[in-house]
Amino acid sequence: MLNKMLNVNSSVTLPKSEFDTLLASLRELGYQTVGPRVRDESIVYAEVEKLDDLPRGYTSEQGPASFRLVSGGHNRYFDAIPGAQSWKQFLFPPHTNLFSAEKIERWTIKSHQETSPRYALIGVRGCELAAIEIQDRAFLRADFRDPVYRARRERLFILAVNCLHPAGTCFCASMETGPKVRGGYDLCVTELDDIFLVEIGSELGRDALSRCQYEPASGFVQSAAEKGLERATGEMGRTLLLDDLPSLLTDNLELEHWDEVAKRCLSCANCTQVCPTCFCWDAVDHTDLLARNTRRERIWDSCFNPQYSYVFGGTTRPNIKSRYRQWLTHKLGAWKEQFDTYGCTGCGRCITWCPAGIDLTEEIVSLREEPQV
Amino acid sequence: MIAMPHTAVNPDLLLNPYWAEITKIKTEADGTGTLWLRFEDADVRENYRFAPGQFNMLYLPGYGEAAISISTDPADSNGLVGHTIRFVGNVTKAISHLKVGDMIGLRGPFGTAWPMEEIEGRDVIIASGGIGLAPLRPAIYHIIHNREKYGKVLLIYGARTPKDLLYPNEYEAWRAAGIDVQITVDRADETWDGQVGVVPMLFYRFRINAQKSAVLTCGPEIMIRFVIYEGLARRIPAERIYVSLERNMKCGQGSCGHCQVGPYFICKDGPVFRFDALEKYFNVEEY
C-alpha cells in the first residue's frame, strides 16, 4: 500500500473530491469533524461532514467594525477568513458544568465528569494554531492543569490550513504566527485551484489519510504553494511593530493616550469574547428556589466587565480607561512575562468585531507617538 | 477524591470543594467572626497543612466562593482550620447565617506565605489594619512559638473604632510572649483611653534599626501604601517589606485571571509579595 511509504513530514497531493474520504475516515476514527460553515451571513465553526459543507467560493472582507461575506470569483473552500468564533470554544467551552450539589440533610456533591468529545478541527489557520498553543501555556502549566481543557486537548486532531488570502484586519506576519502554519498539526493543507497539497505532521495524520487516493507532491505544486504564501505575506491588511514591546506598555501605564482610547471604548467585552487566546473565566451557581439544589458552572469572563475586579468596597478598575489598559498591557505586555509569548496572534478579530472599530495596531502606534515619561 | 499531599485541592475536578463542618463560631467584632472548620474526609483532615499568610476558598452552595485567609495557628490545628471573616459580601453574608454543625465547602490552601524563615534573626515590624490582622495572626503565633529566632517584634494594629479591633483578648498574651503590641483607633469612644490615629503614624514612636528590620503588612490598600512610605523613609529596603494584597479571586490557581496585577496572579504569585517585586505597579491608579 502506498500509505506505508508515507513518512511524517512528507507531502502529498489530494484531489479535492478525496477530501470527503478524509472526513469520513476521521469520523470513523471517532472524531467529530468541525470546520467553517456559512451561517447568518458570517462564518461559524460547526459540524462538517463533507467538503461541500465548507464555504466554497466565499471570501470575507474585514475592516474595523466590519465583516462582509462575499461570494463568487473562485471555487476554493478555505479562502474565507473566519468570523467571530474561534476554536477556543471547543477546548475551553463558554459554559462547562462542574458539579451539582444537593442538600437533603447535608450537602452532597455530584461531580460532572463528561466524556470529552473528540474533535477534529478542519481548517485551522496559522494564527489559530498559535492561539491554541498560547492557551496551552495558560491551561496546561506545570503547577495547574485545567482538567476540562486538558481532556479535550489530548484528544484533538488538527487539520491546519495555510492561509493564502488574508483579510484587511490580519497581521499574523507581524506576530510571526502565519500565514504559513508553523507546526503542531496532524495534517496541513494548502489549497490550490484544483488540488490540496497536504503535509503530514503526525502518525495520526498519516493514518487518517490512508484510505484516500493521493499522489506524491510534485515540485511544481510545492513551489506554487510557496509562492501563494509569499504573496499572502505581502497582502497583510495591517502590521504591528514589536520592537519596543512589551516595555512600551508595561513602562507607560500612565500615558494620556489611555484616556483618549477610553472615550471610544464601550467596554462591551466583544474583543475578549472573540479573542482566541483570552482565557479569563468566572464560576456561577444556578440554584432552585428552595436553595437545596445548585449547579456550578464555569463561564467565560472578561476584564471589561465591571464586576471582574470587584472586591468588597468597590472595583479595582471602575473606569473604562483602566479596563482597556489592563486588556492591552496584558495582551502585548505582561503576558510575555507570564507565559513567554504574546497573548496576540494577529488574527484581527478584536479589530473586526469592535463596534467602535478600535484597532490595537493603531493604538500601539499612538502610544508610541506620545512623549513618554 | 484524591487530594494532593497536604492540600484540599482536587487536581482532576475543577472547583470541586471538600466538605467541612463548622465546629465553632466566635464573634470577633461588629460584623466579623471566626469559623473553625473540620474536614469531613479523615485523610484530608489528617494531612491538610498550611503556612501563615495562605488562604482558602470557602464555598456555600448557591452563593459561590470567597477567598478567606486562614487566621489560626498552623502548629496547633487539632484538625481544625480557622477563618476570620468580615461578613460584608454576598457569600460572606450568607456564611454569617450558618450555625455550628452546618457544612461549608473548602479548597486550599492557596498562595504564598509570610517569609518566616527568611526573616529569622531580624527585628520584625508587623503593621496591620482592620481585618488585615487575620492573615498575620498565624505569623504572630509562629513568632511566639519560635521567639528566640527573632529580634525585637513590634505589632502595630489599628481599627476604625475600639469595637472593630480584632482579637482584643489576646494582646496581653502576645505582650507576655515578648511582642510590643501597639493598638490605635481612628475614632475613640468613651471606653477608649489608648492611642488615636492611623497605623503608619505609630512608626514615629519607635527607634527602628533599618539594617536589621523587616516589615510585614496587610490591611486596607491605603494603609499599606503609607506603611510602605514610612518603612522606605526609614531606609528599610524594599526587599524586606512584605505586603499581602487582596483582589477578586475565583479559582486560587492562577487560572481564572481575575486577580492579575501586571505579570502576577495574586492568588498564586501572592498574596504575600516582597515589595520590590510590586513597586512598579503599586502606585499606578486603578491597575
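Before reading on, note that the structure itself is shown above.
Report on the accompanying structure. Keep in mind it's a predicted model, so treat the numbers as computed, not measured. Position numbers for residues start from 1 in each chain and track the written sequence from start to end. Here every chain gets a letter starting at A, and every ligand a number starting at 1, in the order they are written. Whole-chain, interface and lining totals are the exception, using all residues; otherwise, since this is a predicted model, local features are given only for residues with pLDDT of at least 70 and side-chain atom pairs are given and counted only at 80 or more.

### Considerations on the overall build of chain B
- For chain B, the helix and strand inventory stands at seven helices and 15 strands.
- By its C-alpha atoms, chain B is 55 × 45 × 40 Å across when sized along the principal axes.
- Each residue is classed by its C-beta neighbour count within 10 Å, where at least 20 other C-beta atoms makes it buried, 12 or fewer makes it exposed, and intermediate counts make it partly exposed; the C-beta atoms are placed from backbone geometry. Counting the 287 residues in chain B, one finds 52% classified as buried.
- Placing C-beta atoms from the backbone, we regard two residues as in contact once those atoms come within 7 Å. Summarising the internal contacts of chain B: among those between residues at least 6 apart in sequence, 70% fall at separations of at least 24. Helix and strand labels come from DSSP, where a helix needs a run of H or I of at least four residues and a strand needs a run of E of at least two; each type is numbered from the N terminus.

### Comments concerning the sheet that holds strand β7 (residues 123–129) of chain B
Residue and element names in this part refer to chain B.
- Two strands are said to pair when DSSP picks up at least two bridges between them. Spatially, seven strands are ordered β10-β9-β8-β7-β11-β12-β15 in an open sheet, and the strand pairing comes out mixed. Each edge of the open sheet is held by one strand with a lone partner, namely β10 (195–196) and β15 (272–274).
- Relative to strand β12 (residues 241–244), strand β11 (residues 213–218) runs parallel, the two being bridged by three bridges. Along β12, the bridge assignment pairs Thr217 with Val243.
- Every angle, taken between N-to-C directions, lies between 0 and 180 degrees, and every axis is a line fitted to C-alpha atoms, over only the stretch in contact when it is a helix. Sitting on the sheet, helix α7 (residues 275–282) is in contact with β12 and β15, with an inclination near 90° to β15.

### Considering the environment of Glu254 of chain A
- Summarising the element assignment, Glu254 of chain A is placed in the loop between α8 (247–250) and α9 (257–264).
- Each C-alpha atom of the pair Glu254 of chain A and His330 of chain A lies 15 Å from the other, and the pair is 76 residues apart in sequence.

### What about the interface of chain B and chain A?
- Listed as interface residues are 29 residues of chain B and, on the opposing side, 39 residues of chain A.
- Gly is put with the polar residues, along with every residue not named as nonpolar or charged; the nonpolar set is Ala, Val, Leu, Ile, Met, Phe, Trp, Tyr, Cys and Pro, and the charged set is Asp, Glu, Lys and Arg. The residue makeup of the side of chain B that touches chain A, split by class, is 12 nonpolar, 12 polar and five charged.

### Some details on the packing of α9 of chain A against helix α11 (residues 320–339) of chain A
Residues and elements named next belong to chain A.
- With their axes 8 Å apart at the nearest point, α9 and α11 run at an angle of 105° to one another. In terms of orientation, α9 lies roughly perpendicular with respect to α11. Packed against α9, whose contacting residues are Trp258, Asp259, Val261 and Ala262, the element α11 presents Ile320, Lys321, Tyr324 and Arg325 at the interface.
- Considered class by class, the residues forming the contact of α9 with α11 number five nonpolar, no polar and three charged. An angle counts as roughly parallel when it lies under 35 degrees, as roughly antiparallel when it exceeds 145, as roughly perpendicular when it falls between 65 and 115, and as oblique in every other case.

### Things to note about the pairing of strand β1 (residues 11–15) of chain A
All names here are of chain A.
- Side chains of β1 alternate between two faces, with Val12 and Leu14 buried and Ser11, Thr13 and Pro15 left unburied.
- Sheet topology note: the β1/strand β11 (residues 195–200) ladder contains five bridges and is antiparallel. Across the sheet, residue Ser11 finds its bridge partner in β11, namely Glu199.
- Two elements, β1 and strand β12 (residues 215–216), share two bridges in a ladder whose sense is antiparallel.

### Structural notes on the nonpolar core
- In terms of nonpolar packing, the biggest core is built from 143 residues, with Leu121 and Leu159 of chain A touching the most fellow members.
- Beyond its immediate chain neighbours, meaning those up to four positions away, Leu159 of chain A contacts Ala120, Leu121, Ile122, Gly123, Val124, Tyr185, Asp186, Leu187 and Val189 of chain A. A set of buried Ala, Val, Leu, Ile, Met, Phe, Trp, Tyr and Cys residues, joined through C-beta atoms within 7 Å, is what we mean by a nonpolar core.

### Thoughts on the environment of Met236 of chain A
All names here are of chain A.
- As for its position among the elements, Met236 is in the loop between α7 (219–234) and α8.
- Between the alpha carbons of Met236 and Leu367 there is a distance of 22 Å; along the sequence they are 131 residues apart.
- When neighbours within four sequence positions are excluded, Met236 is seen to be in contact with Pro166, Cys170, Phe171 and Ala173.

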